[in-house]
Amino acid sequence: MSFKVAFIGAGSIGFTRGLLTDLLSVPEFHDIEVAFTDINPDNLRMVTQLCQRDIDENGLSIKIHATLDRREAFKDAKYVINCVRIGMLEAFATDVEIPLKYGVDQCVGDTLCIGGIMYGQRGIPALLSFCEDIREVAAPGCILLNYSNPNAMLTWACNKYGKVKTYGLCHGVQHGHEQIAKALGRDKKDVDIICAGLNHQTWYISVKTDGIERTGELYELMEKADFAKDENIRLDVMKNFGYFSTESNGHLSEYLMWYRKRPEDMERWINYSSWIQGETAGYLRVCKESRNWFETDFPNWLKEPAKKFSPQTRSSEHGSYIIESLETGRVYRGHFNVMNEGTITNLPDECVVEVPCYVDYNGISVPKVGDLPLGCAAICSQSVWVQKLAVEAAVHADLNLLYQAAMMDPLTGAVCTPQEIRQMVDEMLVAGKQWLPQYEDVILDAQKRLETKAVPYRPVKGFSLKAKTIEEMAAEKERYRAMAGAAAKENV
């Protein structure tokens, strides 16, 4: 069985290597073509070297074609896997550091809130350009598997404007499924779930064991579980809305208006056992540490045993299973991000929802979910309109829609006045101008407005941990090597 898979943003060490290992763990895929492309030649070289070593030591004859020319990588590809971060960590820093001047405190800033909105303004034009290349040089019917955030916004733009069939993939559902199974005292395989909503805001609306619905028992069971101390925000949302959400404390806290709007209350919700508990700019810190560590530690990665291509080493990431099902007909069920089109009946048809899907030879089938529980639908509805405004703003370079997206965002709107939001957006546009070509004329006007700031800053200190030095990380080498692999997605 031979076909071509192209990875864009292939310099993402942990993610690219993991996904390739997953793919080549399928016996039928030992003769596929693989292409890597990235704009960073050093990272592309290092990742290619590491992955090729894995391939060679597993006895396969595949030779990775690594190129800085993405059209060359896309040529005749049947699948394109996207894991880029436009602007890399330099742009990411502006997504979280500038809002802190205005009192908006984010943990991640890559999906919703002002950071996710601005991240989408960078990512959408780039992905539409990828789509144009895919339409022109890839194999007919090429499928784009998108791992980049803001996942819903990018997947929405690619399907509506890029005219390439695009599925957004994430692993949040799988992790929550494991937690639920643990709380129920059952193996994950024995707990059947239906999860539905938006990416990073998806709800476990049905949880069954032995055919019996257990959703009504979950809150009390999870409150008593040993991980409850690290899930206080998720459990508070569950207490108030009745359903468990996919996202960890730090992520979830910035998509809502209740948990990060007053610094004096934040200590109640945040602990420092890990960045994902809500640390201010925690993901940015971890990504910086991981990049520094990878660059230092890379020679040691090559000295370690190669990854084994086997079912036992395969991760739960959806990408390889989707491709396996489409190519072999083996049925796979997972939760993917797709255009709604009536799947969740109390959310707009034109939005991207994360819902159960089935894959086989016939393609990807999306069963109808019906209505979300009303409270869950209300939370998602607010996010959908922020996403729609942000997508249309990015596509049409419409500053008013961009302002409106930021004003409608739950946390941003809870903290800032409209005047503060407009100034903050202007400042973020100017700071990110090299990655926002569609806003070139708009940015010139924003620069003039910023010459006389209309509103003063209201900075918050945030709740941050100190970034580790290379020497400090070396003392916990194995921990930081694992972290570098996990956090490297999109960050290089």
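See the structure printed just above.
Read on for an overview of the structure. Bear in mind that the values here come from a model prediction, so they are computed numbers and not experimental data.

## Some words on the pattern of salt bridges
Counting across every chain of the model gives 30 salt bridges. Among the salt bridges present, the one from D133 reaches R70, with a minimum N-O distance of 2.6 Å. In this pair, D133 is assigned in helix α5 (residues 113–137) and R70 in helix α3 (residues 70–74), connecting sequence segments 63 residues apart. Classification of D133 as buried rests on a relative accessible area of 7%. Between D265 and R262 there is a salt bridge whose closest N-O contact spans 3.0 Å. A residue is classified by how much of its surface remains accessible, and D265, at 33% relative accessible area, is partly exposed. Relative accessible area serves as the criterion here: at 41%, R262 is assigned to the partly exposed category. Overlapping salt bridges, with partners in common, bring together E28, R314, E324 and R330 in one network.

## Quick word on the packing of helix α14 (residues 374–396) against helix α15 (residues 399–408)
Each pair of packed helices can be summarised by the angle the axes make with each other and by the distance between the axes. Where α14 meets α15, the closest approach of the two axes is 8 Å, and the angle between their N-to-C directions is 160 degrees. One element, α14, and the other, α15, form an angle in the roughly antiparallel class. For the pair α14 and α15, the crossing hand works out as left-handed. From α14, Q382, V386, L389, A390, E392 and A393 reach across to α15, where they touch L401, L402, Q404, A405 and M408.

## Observations regarding the pairing of strand β1 (residues 4–8)
A large share of β1 lies buried, amounting to five of its five residues. Here β1 shows a buried face lined by K4, A6 and I8 and a second buried face lined by V5 and F7. Bridge count for β1 against strand β4 (residues 79–82) is four bridges, and the pairing is parallel. Bridged to F7 within β4 is I81.

## Some words on empty space enclosed by the protein
This structure, assessed with the given rule, holds three cavities of 30 Å³ or more. In this structure, the second largest cavity spans a volume of roughly 40 Å³. Along the walls of the second largest cavity sit T111, L112, L198, N199, H200, Q201, Y255, S383 and Q387, which together make up its complete lining.

## Here we look at unusual backbone geometry
The omega torsion across N149 and P150 is -5 degrees, close enough to zero to call that bond cis. The topology assignment puts P150 in the loop between β5 (143–146) and α6 (151–162). At K163, a residue that is not glycine, the phi angle is positive and equals roughly 60 degrees. In this fold, K163 is placed in the loop between α6 and β6 (166–168). Relative accessible area serves as the criterion here: at 60%, K163 is assigned to the exposed category.

## Observations regarding the packing of helix α17 (residues 418–431) against helix α18 (residues 440–450)
Packing of α17 against α18 leaves a shortest axis separation of 9 Å and a crossing angle of 120 degrees. When the interaxial angle is binned, α17 and α18 end up oblique. Considering how the two elements wind past one another, α17 and α18 form a crossing that is left-handed. Where α17 approaches α18, its residues Q423, D426, E427, L429 and V430 are matched on the opposing element by V442, I443, A446, Q447, R449 and L450. Classifying every residue of the contact of α17 with α18 gives six nonpolar, two polar and three charged.

## A word on α17
Two residues of an α-helix separated by three or four positions point the same way, owing to the 3.6 residues in each turn. End to end, α17 covers 20 Å across 14 residues, agreeing with the expected 20 Å (1.5 Å per residue, within 8%). All buried positions along α17 are accounted for by E420, I421, Q423, M424, V425, D426, E427, M428, L429 and V430. On its buried face, α17 is in contact with α4 (88–101), α5, α15, α16 (410–415) and α18.

Reading the values: rules and limits
- Residues numbered from 1 in each chain as written.
- Predicted model: local features only at pLDDT ≥ 70, side-chain atom pairs only at ≥ 80, totals over all residues.
- Heavy atoms only, no water.
- Salt bridge = Lys/Arg side-chain N within 4 Å of Asp/Glu carboxyl O.
- Helix = DSSP H or I, 4+ residues; strand = E, 2+ residues; numbered from the N terminus.
- Buried < 20%, exposed > 50% of the residue type's maximum accessible area, 1.4 Å probe, protein only.
- Axes fitted to C-alpha atoms, helices over the stretch in contact; angles between N-to-C directions.
- Parallel < 35°, antiparallel > 145°, perpendicular 65-115°, else oblique.
- Left-handed = near helix turned anticlockwise from the far one by under 90°.
- Contact = heavy atoms within 4.5 Å.
- Pairing = 2+ DSSP bridges.
- 1 Å grid on protein atoms, 1.4 Å probe; cavity = no way out; pocket = protein on both sides within 12 Å on 5 of 7 lines; lining within 4 Å.
- Points joined across faces, edges and corners; volume = space filled by probe spheres on them.
- Nonpolar A, V, L, I, M, F, W, Y, C, P; charged D, E, K, R; others polar.
- Expected span 1.5 Å × (residues − 1).

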